[in-house]
Amino acid sequence: MVKQLIDQGYKFVKVVNDTDAKAPVALSGNDYASVQYPNFDNDDQMDQSFVVHLVHGSKNVTDTKVVHETIHYRYADGTPVTNDYQATPVEFKRTGIEDLVTQNINWNPWEPADGSFVAVESPKIADYTADKMVVDGQSINLDSDDIVVAVTYVAVPKPTTT
């Protein structure tokens, strides 16, 4: 029975021989399997009893969410102008303690509470104009989705000579 409880997430604390309620004795052993039970059954007319002390086991847990920003630089036909810009991702993290019996988790607040991506100037390409000369900085928080921005380059019309 005790092993089943331990398997369900309870943590062993101690075993007490409380046959004599006035003077209970804790038995030695650091875990349930190592408890040393003495030969105490010397009175067949009296029930001997042990009390097993258990508590809910727990473990530390971590949860993370990462928000990315990607900027695609493309010509009007969709071909890449240059490599995409990848901002340093912003990682939101929280820690908590999970009760191994109930599976309830007590979470600490997310850190950081919010974040941001800086403004990014679009690369200059000879004979082309970007539809966004600067991709504005973005404030983000835990609820933010990844940010994907497309910058499209179109050819600058060449002057005609007559």
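Residues numbered from 1 in each chain as written. Predicted model: local features only at pLDDT ≥ 70, side-chain atom pairs only at ≥ 80, totals over all residues. Heavy atoms only, no water.

Draft legend 1. Inspection of the overall build of the chain at higher detail. Looking only at helices and strands, the chain has one helix and 14 strands in total. Out of the 162 residues in the chain, the part that is buried amounts to 22%. By sequence separation, contacts in the chain at least 24 residues apart represent 59% of the contacts at least 6 residues apart. Total accessible area on the chain stands at roughly 11,400 Å², and carbon and sulfur atoms take up 49% of it. (Helix = DSSP H or I, 4+ residues; strand = E, 2+ residues; numbered from the N terminus. Buried < 20%, exposed > 50% of the residue type's maximum accessible area, 1.4 Å probe, protein only. Contact = heavy atoms within 4.5 Å. Areas by Shrake-Rupley, 256 points an atom, 1.4 Å probe, with all protein chains shown as cover.)

Draft legend 2. A look at the pattern of salt bridges. Applying the stated criterion across every chain, the model contains five salt bridges. The shortest N-O distance in the salt bridge between Arg-74 and Asp-84 comes to 3.2 Å. Taken together, the positions of Arg-74 in strand β5 (residues 69-75) and Asp-84 in the loop between β5 and β6 (85-86) put the pair ten residues apart, joining distant regions of the chain. (Salt bridge = Lys/Arg side-chain N within 4 Å of Asp/Glu carboxyl O.)

Draft legend 3. Local environment of the sheet that holds strand β11 (residues 128-130). Strand order across the open sheet formed by four strands is β6-β5-β14-β11, with mixed pairing between neighbours. Looking along the sheet, the strands with just one partner apiece sit at the ends: β6 and β11. Bridge count between β5 and β6: two bridges; the pairing is antiparallel. The residue of β6 that forms the bridge with Ile-71 is Tyr-85. (Pairing = 2+ DSSP bridges.)

Draft legend 4. Molecular detail of the sheet that holds strand β4 (residues 58-67). Taken in spatial order, the three strands make up an open sheet running β4-β7-β8, and their pairing is antiparallel. With one partner strand each, in any of the chains shown, β4 and β8 (105-107) form the two edges of the open sheet. Along the sheet, successive strands turn relative to each other by an average axial angle of 30°, direction set aside. Here strand β7 (residues 90-99) runs beside β8; their pairing, made up of three bridges, is antiparallel. (Axes fitted to C-alpha atoms, helices over the stretch in contact; angles between N-to-C directions.)

So, to be careful, I would describe these as geometric facts and stop short of saying anything about function.
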